[in-house]
Amino acid sequence: MKRPHRSHHEVADELRDRIRSGTLRPGQRMPTQAELADEFGVERGAVREALRTLQGENLLANVSKGSPATVAETPNRARSGAGGVTPQPTTVGLAPRIAAAFEAPDVEIDALCLTSVSLTMAIGEPLRRIHAGLRKPAKVTVRVLLPSRSIDLAFPTPVDSGDDESGHVHRRWLDQRNAQGQVLRHNLLALRGSHGIDVRVSFRALPFTPPVKLYLLNGSEALFAYYTLTRQSEEIGQESLEMYDAQGAQSMLFPFRQDGLRDTTFVEQSGLWFDALWDTISQDLELARG
């Protein structure tokens, strides 16, 4: 007898839990796609989508339409050199790490970034799991450092400052910063009423443009990426402008965990650096007014 229909997200969630709990061990061959489809009561396409998701998180290897996949020898830690971890674009690497952070009873996320777009997107999956009854942390605390509206941004900025006297570039960034922050705050605070979770979300404004993005998860993991600038042409305010900007969602995200002296020191020092910025030169940020 098949179980009620499930989405590929739910199949991936269950298999992820089995891998992380040790029920499925490193190097172990997975059941066939037909067996998984029968177990979960889904089509094989949903199983394949779930397996691809877990392969993207480095939890599975050898995912194909042929032989069964195998559990990665070092789940979620693809080797790169001596014990390193392969960096991934922010859109790929951030979401599974945020989802893993939400498995803790007390979730703590600190972020330093340009607009919080990536964080808002990445937090969608753990929120879905909470609403589906698959997760329920007791407390969620999120702190976000963003550039102040009152500074001249290093980027995004026109190549020739005289090309944007009306400030369209700055206004577009500010609107995006405020909109994304408001969505992030609304979605998290909604957990108070819907699930009785103690949620606290705070924003502070920095007096400079951060050249990097940093995410600190539960005090035990740091995700770090450089903002790499490119020159590009954008249609803004009914005119074409040459500008310098960074595609933050594609920035390569380097993960560091409290595992070994080097990584542990990086995580600890990153936390101290974030706290220092939060407690000293940053100011309260009102998203509606910037």
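A brief report on the enclosed structure follows. These numbers come from a predicted model, not from an experiment.

1. Notes on the overall build of the protein
Thought 1: Summing up its helical and strand segments, the protein has eight helices and 13 strands in all.
Thought 2: Taken against the 2.2 N^0.38 rule, which gives 19 Å for 290 residues, the C-alpha radius of gyration of the protein at 21 Å falls within 12% of a compact globule.
Thought 3: For the protein, the C-alpha atoms occupy an extent of roughly 65 × 40 × 40 Å along the three principal directions.
Thought 4: Sorting the 290 residues of the protein into buried and exposed places 45% on the buried side.
Thought 5: Here the analysis covers contacts within the protein between residues at least 6 apart in sequence; of these, 72% occur between residues at least 24 apart.
Thought 6: In the protein, 34 side chains carry a positive charge and 36 a negative one; their mean positions are 7 Å apart.

2. Quick word on the sheet that holds strand E5 (residues 139-147)
Thought 1: Pairing is mixed across the open sheet formed by eight strands, whose spatial order is E3-E12-E9-E8-E4-E5-E7-E13. Strands at the two margins of the open sheet, each flanked by one partner only, are strand E3 (88-89) and strand E13 (283-284).
Thought 2: Examined bridge by bridge, E5 and strand E7 (residues 198-206) share nine bridges and lie parallel to one another. The partner of Val-144 across the bridge, within E7, is Phe-203.

3. Notes on the sheet that holds strand E10 (residues 229-236)
Thought 1: Spatially, the three strands line up as an open sheet ordered E6-E11-E10, and their pairing is antiparallel. Across the chains shown, the open sheet's two edge strands, defined by having one partner strand only, are strand E6 (157-158) and E10.
Thought 2: In the sheet, E10 pairs with strand E11 (residues 239-246) via eight bridges, with the strands oriented antiparallel. The residue of E11 that forms the bridge with Glu-235 is Ser-240.
Thought 3: Sheet strands touched by helix H7 (residues 168-195): E6, E10 and E11. Its angle to E11, the strand with the most contacts, is close to 55 degrees.

4. Details of the packing of aromatic side chains
Thought 1: Summed over all chains, the structure comprises five aromatic pairs.
Thought 2: Relative to Trp-278, the ring of Phe-274 lies with its centre 5.9 Å away and its plane at 20 degrees, an arrangement referred to as stacked. Taken together, the residues span about one helical turn, with Phe-274 and Trp-278 both in helix H8 (residues 261-279) at a distance of four residues. Of the two residues, Phe-274 and Trp-278, both sit in the buried class.
Thought 3: Among the aromatic residues, those joined into a cluster by ring pairs are Phe-224, Tyr-226, Phe-256 and Phe-266.
Thought 4: Between Arg-143 and the ring centre of Trp-278, over which it is positioned, the NZ or CZ distance is 5.1 Å.
Thought 5: Of note, Arg-204 hangs over the ring of Trp-278, and the distance from its end group to the ring centre comes to 5.9 Å.

5. Concerning the side chain of Asp-13
Thought 1: Topologically, Asp-13 is positioned in helix H1 (residues 8-21).
Thought 2: Reaching out from Asp-13, the side chain makes a polar contact with the side chain of Arg-16 at a distance of 2.9 Å.

6. Section: unusual backbone geometry
Thought 1: Omega for the bond connecting Phe-155 with Pro-156 falls within 30 degrees of zero, at -5 degrees, which places this linkage in the cis form.
Thought 2: Looking at where Pro-156 falls in the secondary structure, it is placed in the loop between E5 and E6.
Thought 3: The phi dihedral of Asn-62 falls on the positive side, at around 60 degrees, and the residue is not glycine.
Thought 4: With respect to the helices and strands, the residue Asn-62 is situated in the loop between strand E1 (60-61) and strand E2 (70-71).

What counts and what doesn't
- Sequence order as written defines the numbering, with residues in each chain counted from 1.
- Where totals are concerned, whole chains, interfaces and linings use all residues; where local detail is concerned, this predicted model gives features only for residues with pLDDT of at least 70, and gives and counts side-chain atom pairs only at 80 or more.
- Side-chain descriptors were evaluated using all non-hydrogen atoms of the structure, hydrogens and water having been removed beforehand.
- Think of it this way: any DSSP run of H or I at least four residues long counts as a helix, any run of E at least two long counts as a strand, and we number them from the N terminus.
- Each radius of gyration reported is based on C-alpha atoms, and the globular scaling rule is 2.2 Å times the count of residues to the power 0.38.
- Whether a residue is buried, partly exposed or exposed follows from its accessible area with a 1.4 Å probe, protein chains only, as a fraction of its type maximum: under 20%, in between, or over 50%, in that order.
- The contact rule is simple, with two residues in contact once any of their heavy atoms fall within 4.5 Å.
- When charges are counted, neither His nor the chain ends are considered; positive counts come from Lys and Arg and negative counts from Asp and Glu.
- Think of each charge as sitting on NZ of Lys, CZ of Arg, CG of Asp or CD of Glu.
- For two strands to be treated as a pair, DSSP must find at least two bridges joining them.
- Axis definition: a line fit to C-alpha positions, over the contact stretch in the case of helices; interaxial angles, taken between N-to-C directions, run 0 to 180 degrees.
- Two aromatic rings from Phe, Tyr or Trp, using only the six-membered ring of Trp, form a pair when their centres are within 6.5 Å; if the ring planes differ by under 30 degrees the pair is stacked, by over 60 it is edge-to-face, and anything between is tilted.
- Sitting over a ring, as applied to charges here, requires NZ of Lys or CZ of Arg to be within 6 Å of the ring centre and within 35 degrees of the ring normal.
- Any N or O atom pair separated by 3.5 Å or less is treated as a polar contact, with the protein-specific requirement of one donor-capable and one acceptor-capable atom, and with residues adjacent in sequence counted only for side-chain atom pairs.

Shape descriptors only; they carry no functional weight alone.
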